[in-house]
Amino acid sequence: MTYAVQQLAAILATALFIFSLYWMNDPKTARHAVVAGVAGMLVAVLTTWFQPVIVHHGWIVLAIAAGFVVGVPLSRVPLTAVPQRTALSHAFGGLAAGLVGTAEYLLGLTENPAQLTAFRMSAIVAEVILGFLTFTGSLMAAGKLQEVRWIPQRPVTYPGQNVVNIGVLVAAVALGVVVVLHPTAAWSAQAFYAIAGLAVLFGVLLIIPIGGADMPTVISILNSYAGLSAVAMGFVLNNKLLVTAGALDGSSGLILSIIMCRAMNRSFTNVLFGAFGTVQKTAAIGEQKTWKQETVEGAAQLLEQASLVVVIPGYGMAVAQAQHKVRELYDQLTKRGVTVKFAIHPVAGRMPGHMNVLLAEANIPYTALVEMDEINPDMPQCDVALVIGANDVVNPAARYAKGSPIYGMPIIDADKARTVLAIKRSKNPGFAGIDNELYVQDNTWMLFGDAKAVLGDLVKQFGSGGLH
Amino acid sequence: MIDGLMTAQAVPAEAAGDYWSMLFVFVLATFIGLGVIRRVSRLLYTPLMSLTNAISAIAVVGSIAVTGAEYPKIIRILGAIALFASMTNIVSGFLITDRMLKMFKKQ
């Protein structure tokens, strides 16, 4: 009887999770997604909790309360910090899987060795490796994104790095095979801890060579691993709900990783094992041209006389927290009959969809946010392309400069606009030291300074009545 | 039963160790996942990721089973930490997803 109730509850929860993801196909229905997700989770938690075998309710209440105490503040972080919050939650997901896997193994070892069949042991080993590598890998990613002082932001590379990394993983898997074959030998527990230790180490080594621009892909891959570790837990516990929910998460991470990789013209292996830092800097292209600077007054005039302005935001906008000033500029321009659109590159920012969320936070209607593929045909009709803290995603070198780390990456065709205005914090070249010739084009005008300050000055030009 | 390792509990014969059907479920669920996720609005990739984070914290089910059953203390401690971690993901994942989705307005 209870078994039937359990299974029905698992089916119901799975259905709710599928509906939850389905409703994410449109911003109009998306909030139902949260309701369905919460309902599915409640069903799953309650039917598990009320089983007769569960007797230590105090412990459960305590752990759940602690989860609320940490979880609620984590949900209130500023939206610019969402990438590191996401990485941190992948870490928690990995930790949970790794610990449950370890507990299951110890339980089998001490209570019931007959349960440690080859299949279940394989699932436990997979769960522990995936769980612990996701745990430390995601912690490292979160640390890099949060710019924690003792974690280097720049990719760290050394000779033989890939050999070391793959060696550690192979050692963990080989030990895993040994433990699967001999789960109850005198040394098996030690070997098991060694597997967990190697997975912890591998997670750290995997992320050390990764730089900021690769974070959207890496976060997506870790998302997938977190899902797969839940699937492995499902196999261990013989629980189909864990398998289905984990598979949904795993496939979501997989699709996002593929989209991010395509948007950078790179493969999985290239992102994970071919750190940007190892790519040799290409020689400067042609003779050194210099940029031309524009005043705020001139820029405001250009914008006011335009009929189509395309704003191209990048990570620099997030760093400067400039999205609210962008909104003010948007208001001033639309009030004057200028059409303003936002061109969103899939890898702009530090995680998939980062720019959309920041602009939505500033109350910019989502109908004004346009994907790269849709905006590019319109770029020749664009009067002013306003680049805010974006660099690689508008670098024309991606089209032809073989040997450049960004060669072949699809870009937003800012250079095809009639005029380009680029707001840039410093006069240094951007990520990985790649020169951006967009900035020295004949029709490009630079505005140097903090994006928030420059945009604030621009808005003042419209507000003060200096323009009419 | 959630926990197959509890042999003291009667696990129906058809459910115990039927790993092939588990694999079957996994493959089908992956295909459903790929189909559904492919249709997700590109605007919503960030909330999608926090939503799937919360959903994959379904590991809470395994954590509760390990924490709450009559097991040795060390195992229940491991379970309780896992339960705390999963619960954090559920709470912060759903809350921040809703917070972000509220911001997407047409006008």
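Residues numbered from 1 in each chain as written. Chains lettered and ligands numbered in written order. Predicted model: local features only at pLDDT ≥ 70, side-chain atom pairs only at ≥ 80, totals over all residues.

## Considerations on the overall build of chain B
- Scanning chain B for helices and strands turns up four helices and zero strands.
- Secondary structure elements in chain B, listed N-terminal to C-terminal, are α-α-α-α.
- Looking at chain B residue by residue over its 107 residues, the buried ones come to 62%.
- For chain B, the share of sequence-separated contacts (at least 6 apart) that also reach a separation of at least 24 residues comes to 59%. (Helix = DSSP H or I, 4+ residues; strand = E, 2+ residues; numbered from the N terminus. Buried ≥ 20, exposed ≤ 12 C-beta atoms within 10 Å, placed from the backbone. Contact = placed C-beta atoms within 7 Å.)

## A few points about the overall build of chain A
- Counting its regular elements, chain A contains 17 helices and six strands.
- A burial count over chain A gives 54% of its 468 residues as buried.
- For chain A, the proportion of contacts with a sequence separation of at least 24, taken over those separated by at least 6, is 79%.

## Focus: the pairing of strand 4 (residues 384–388) of chain A
Residues and elements named next belong to chain A.
- Across the five residues of strand 4, five count as buried, placing the element largely inside the fold.
- Here strand 4 shows two buried faces, one formed by Val 384, Leu 386 and Ile 388 and the other by Ala 385 and Val 387.
- Bridging between strand 1 (residues 308–313) and strand 4 involves five bridges; their strand directions are parallel. In the sheet register, Val 310 faces strand 4, and the bridge partner there is Ala 385.
- As paired elements, strand 4 and strand 5 (residues 419–424) share five bridges and run parallel to each other. Note that in strand 5 the partner of Leu 386 across the bridge is Leu 421. (Pairing = 2+ DSSP bridges.)

## With respect to the pairing of strand 5 of chain A
Residues and elements named next belong to chain A.
- When you tally the buried positions in strand 5, you get six out of six residues, the bulk of the element.
- Going residue by residue along strand 5, you find Thr 419, Leu 421 and Ile 423 tucked away on one face and Val 420, Ala 422 and Lys 424 tucked away on the opposite face as well.
- Pairing between strand 5 and strand 6 (residues 444–448): five bridges, direction parallel. Note on strand 6: the bridge partner recorded for Val 420 is Thr 444.

## What to know about the nonpolar core
- Core analysis: the largest hydrophobic core is formed by 196 residues, its most contacted members being Leu 242, Ile 312, Val 387 and Ile 388 of chain A together with Ile 58 and Ala 59 of chain B.
- Sort the elements by how many residues they give to this core and helix 5 (residues 118–146) of chain A lands first, with 16 residues. (Core = buried A, V, L, I, M, F, W, Y, C linked by C-beta atoms within 7 Å.)

## Overview of the domain arrangement of chain A
Residues and elements named next belong to chain A.
- Domain parsing of chain A yields domain 1 (79–277) and domain 2 (296–463).
- Here the C-alpha centroids of domain 1 and domain 2 sit 36 Å apart.
- Taken together, the 19 residues of domain 1 in the interface contact 19 residues of domain 2.
- Here the side of domain 1 that touches domain 2 gets five residues from one element, more than from any other, and that element is helix 9 (residues 240–264).
- Taken together, the residues that form the side of domain 1 that touches domain 2 break down as 14 nonpolar, five polar and no charged. (Domains from an automatic or database assignment. Nonpolar A, V, L, I, M, F, W, Y, C, P; charged D, E, K, R; others polar.)

## Some words on helix 2 (residues 30–49) of chain A
- Its 20 residues place the ends of helix 2 of chain A 29 Å apart at the C-alpha level, agreeing with the 28 Å of an ideal helix rising 1.5 Å per residue.
- Turning to helix 2 of chain A, the residues buried within the fold contact helix 1 (2–22) and helix 9 of chain A together with helix 2 (45–56), helix 3 (60–68) and helix 4 (73–103) of chain B. (Expected span 1.5 Å × (residues − 1).)

## Regarding the sheet that holds strand 6 of chain A
Residues and elements named next belong to chain A.
- Across the sheet, which stays open at both edges, the six strands sit in the order 3-2-1-4-5-6 with parallel pairing between neighbours. Edge strands, defined here as strands with exactly one partner in the open sheet, are strand 3 (369–371) and strand 6. This sheet shows a mean twist of 25° between the axes of neighbouring strands, independent of strand direction.
- Helix 13 (residues 323–335) contacts strand 1, strand 2 (339–344) and strand 4 of the sheet and is inclined by roughly 145° relative to strand 2.
- Taken strand by strand, helix 14 (residues 354–361) contacts strand 1, strand 2 and strand 3, and its axis lies near 145° from that of strand 2. (Axes fitted to C-alpha atoms, helices over the stretch in contact; angles between N-to-C directions.)

## Examining the interface of chain B and chain A
- Tallying the contact residues gives 88 residues for chain B and 100 residues for chain A.
- Those elements that place two or more of their residues in the side of chain B that touches chain A are helix 1 (19–38), helix 2, helix 3 and helix 4 of chain B.
- Counting residues per element, the side of chain B that touches chain A draws most heavily on helix 4 of chain B, which supplies 27 residues.
- Residue composition of the side of chain B that touches chain A, grouped by class: 55 nonpolar, 23 polar and ten charged.

## Structural notes on the environment of Ala 123 of chain A
All names here are of chain A.
- When you line up the elements, Ala 123 lands in helix 5.
- Note on Ala 123: 24 C-beta atoms within 10 Å, which makes it buried.
- Sequence separation between Ala 123 and Met 233 is 110 residues; the distance between their C-alpha atoms is 7.2 Å.
- Contact partners of Ala 123, with chain neighbours within four places excluded, come to Ala 232, Phe 235 and Val 236.

## Let's talk about helix 7 (residues 188–207) of chain A
- Counted at 1.5 Å a residue, the expected span for helix 7 of chain A with its 20 residues is 28 Å, and the 29 Å between its end C-alpha atoms agrees.
- Here helix 7 of chain A has its buried residues at Ser 188, Phe 192, Ile 195, Ala 196, Leu 198, Ala 199, Phe 202, Gly 203, Leu 205, Leu 206 and Ile 207 of chain A.

## Topic: the packing of helix 4 (residues 82–111) of chain A against helix 8 (residues 215–237) of chain A
All names here are of chain A.
- In the contact formed by helix 4 and helix 8, the axes pass within 9 Å of each other and the chain directions differ by 25°. Looking at the two axes, helix 4 sits roughly parallel to helix 8. Judged by the twist between their axes, the crossing of helix 4 over helix 8 is left-handed. Contacts from Pro 83, Thr 86, Ala 87, His 90, Gly 93, Gly 94, Ala 97, Val 100, Gly 101 and Glu 104 in helix 4 reach Met 215, Ile 219, Leu 222, Asn 223, Ala 226, Ser 229, Ala 230, Ala 232, Met 233 and Val 236 in helix 8. (Parallel < 35°, antiparallel > 145°, perpendicular 65-115°, else oblique. Left-handed = near helix turned anticlockwise from the far one by under 90°.)

## Side note on unusual backbone geometry
Residue and element names in this part refer to chain A.
- Backbone geometry places Glu 147, a non-glycine residue, at a positive phi of 60°.
- Mapping Glu 147 onto the fold places it in the loop between helix 5 and helix 6 (161–181).
- In this structure, Asn 363 is a non-glycine residue whose phi angle is positive, near 65°.
- Mapped onto the elements, Asn 363 comes out in the loop between helix 14 and strand 3.

## Some remarks on the packing of helix 5 of chain A against helix 8 of chain A
Residues and elements named next belong to chain A.
- Orientation of helix 5 relative to helix 8, taken along the N-to-C sense of each, is 155°, at an axis distance of 8 Å. The angle between helix 5 and helix 8 falls in the class roughly antiparallel. Helix 8 is crossed by helix 5, and the crossing has left-handed handedness. Contacts between helix 5 and helix 8 involve Arg 120, Ala 123, Ile 124, Ala 126, Glu 127, Leu 130, Gly 131, Thr 134, Gly 137, Ser 138, Ala 141 and Leu 145 from the first element and Met 215, Val 218, Ile 219, Leu 222, Tyr 225, Ala 226, Leu 228, Ser 229, Ala 232, Met 233, Phe 235 and Val 236 from the second.
- The class makeup of the residues in the contact of helix 5 with helix 8 is 17 nonpolar, five polar and two charged.

## What about the environment of Phe 94 of chain B?
- One can find Phe 94 of chain B in helix 4.
- Sequence-distant contacts of Phe 94 of chain B, that is, excluding residues within four places in its chain, are made with Val 34, Gly 37 and Val 38 of chain A together with Ala 54 of chain B.

## Concerning the confidence of the model for chain B
All names here are of chain B.
- In this model, chain B carries a mean pLDDT of 86, and residues with pLDDT of at least 70 account for 84%.
- This model gives residues 1–16 a pLDDT under 50, and the stretch forms 31 contacts once residues within four places in sequence are excluded.
- The ipTM value of the predicted complex is 0.90, and its pTM value is 0.90. (pLDDT = per-residue confidence, 0-100.)

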